[in-house]
Amino acid sequence: MKSAECVKKRKYLVGMHHSRMNVLPPNYVFPKMTPLTLTQNWLLGCVKRNIPPLATLCSKDVLHLKSGNQQRNKMVCVMRVIKKEARDKNVWIEKLADWTPEKVMEMWDAVSPVLEAKYLRNVKRPKEAAWSNLFKKMSDAKAFRKEGRRREGRTV
């Protein structure tokens, strides 16, 4: 009886893969997302759509998905740039549990004009662009390079 109550209280559907309990079910597919929905799902998740906060996923949680680790790593890169921009604007909250939908929107309202100006200039509808499109634009602009790791030309 107690286990049935626990199952009813669950927020997310989970799955087993290679004898390991996993936060994502075996048939999970990352949904199509805009940069805003990626940010919301990264920080908050979506119980209705069975999306745990994506920031809580580690590489082991997505290994069973087709291109799962590759997609997760790209999301990490995009969110790292968003986090940097939000910190510059003093709207980033360090503790994941402190994020609310209102705080995410407040942060997004501060950061999105910067992202659109830097990376989505030539996109017709930047608010509707896919997060993967933003990733490509950021990659082309070398936004993922760390400041101290610039390659100097070799001299012989």
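Our subject in this report is the structure included herewith. Everything quoted here is computed from the prediction, not taken from an experiment. (Residues numbered from 1 in each chain as written. Predicted model: local features only at pLDDT ≥ 70, side-chain atom pairs only at ≥ 80, totals over all residues. Heavy atoms only, no water.)

1. Quick look at unusual backbone geometry
Then, number 1: The residue S67 is not glycine, and still its phi comes out positive at about 55 degrees.
Then, number 2: You can see S67 is positioned in the loop between helix 3 (59-62) and helix 4 (68-88).
Then, number 3: We note that K142 has phi near 55 degrees; this positive angle belongs to a residue other than glycine.
Then, number 4: Topologically, K142 is positioned in the segment after helix 6 (131-140). (Helix = DSSP H or I, 4+ residues; strand = E, 2+ residues; numbered from the N terminus.)

2. Observations regarding the packing of helix 4 against helix 5 (residues 101-119)
Then, number 1: Helix 5 packs onto helix 4 with a crossing angle of 115 degrees between their chain directions and a minimal axis gap of 9 Å. Of the two elements, helix 4 crosses helix 5, and the hand of that crossing is right-handed. The segment helix 4 lies against helix 5, with V81, I82, E85 and A86 engaging M107, W108, V111, V114, L115, K118 and Y119. (Axes fitted to C-alpha atoms, helices over the stretch in contact; angles between N-to-C directions. Left-handed = near helix turned anticlockwise from the far one by under 90°. Contact = heavy atoms within 4.5 Å.)

3. Let's talk about the pattern of salt bridges
Then, number 1: As enumerated under the stated definition, the model contains six salt bridges in all.
Then, number 2: Where E116 meets K127, a salt bridge forms, and the shortest distance between an N and an O atom there is 3.1 Å. Of this pair, E116 sits in helix 5 while K127 sits in the loop between helix 5 and helix 6, placing them eleven residues apart in sequence. (Salt bridge = Lys/Arg side-chain N within 4 Å of Asp/Glu carboxyl O.)

4. Quick word on the nonpolar core
Then, number 1: Counting 35 residues, the largest nonpolar core has L54 and M107 as its most contacted members.
Then, number 2: Apart from residues lying up to four places away in sequence, L54 is in contact with F30, M33, L38, N41, W42 and M75. (Core = buried A, V, L, I, M, F, W, Y, C linked by side-chain atoms within 4.5 Å. Buried < 20%, exposed > 50% of the residue type's maximum accessible area, 1.4 Å probe, protein only.)

5. Structural notes on the packing of helix 4 against helix 6
Then, number 1: Where helix 4 contacts helix 6, the axes come no closer than 10 Å and their chain directions differ by 70 degrees. Overall, the two elements helix 4 and helix 6 adopt an arrangement that is roughly perpendicular. Crossing handedness for the pair helix 4 and helix 6: left-handed. Between helix 4 and helix 6, the residues in contact are Q71, K74, M75, C77, V78 and V81 and W131, L134, F135 and M138, respectively.
Then, number 2: Grouping the constituent residues of the contact of helix 4 with helix 6 by class yields eight nonpolar, one polar and one charged. (Parallel < 35°, antiparallel > 145°, perpendicular 65-115°, else oblique. Nonpolar A, V, L, I, M, F, W, Y, C, P; charged D, E, K, R; others polar.)

6. A closer look at helix 5
Every α-helix carries 3.6 residues per turn, so stepping three or four residues along brings you back to the same face.
Then, number 1: By the largest-angle criterion, V111 marks the main kink of helix 5, which is about 35 degrees, and a proline, P113, follows within four residues.
Then, number 2: Residues of helix 5 that are buried include every one of V104, M107, W108, V111, S112, V114, L115 and Y119, and no others.
Then, number 3: Residues of helix 5 that are buried sit in contact with helix 2 (35-43), helix 4 and helix 6. (Bend = angle between axes of the 7 residues up to and from the residue.)

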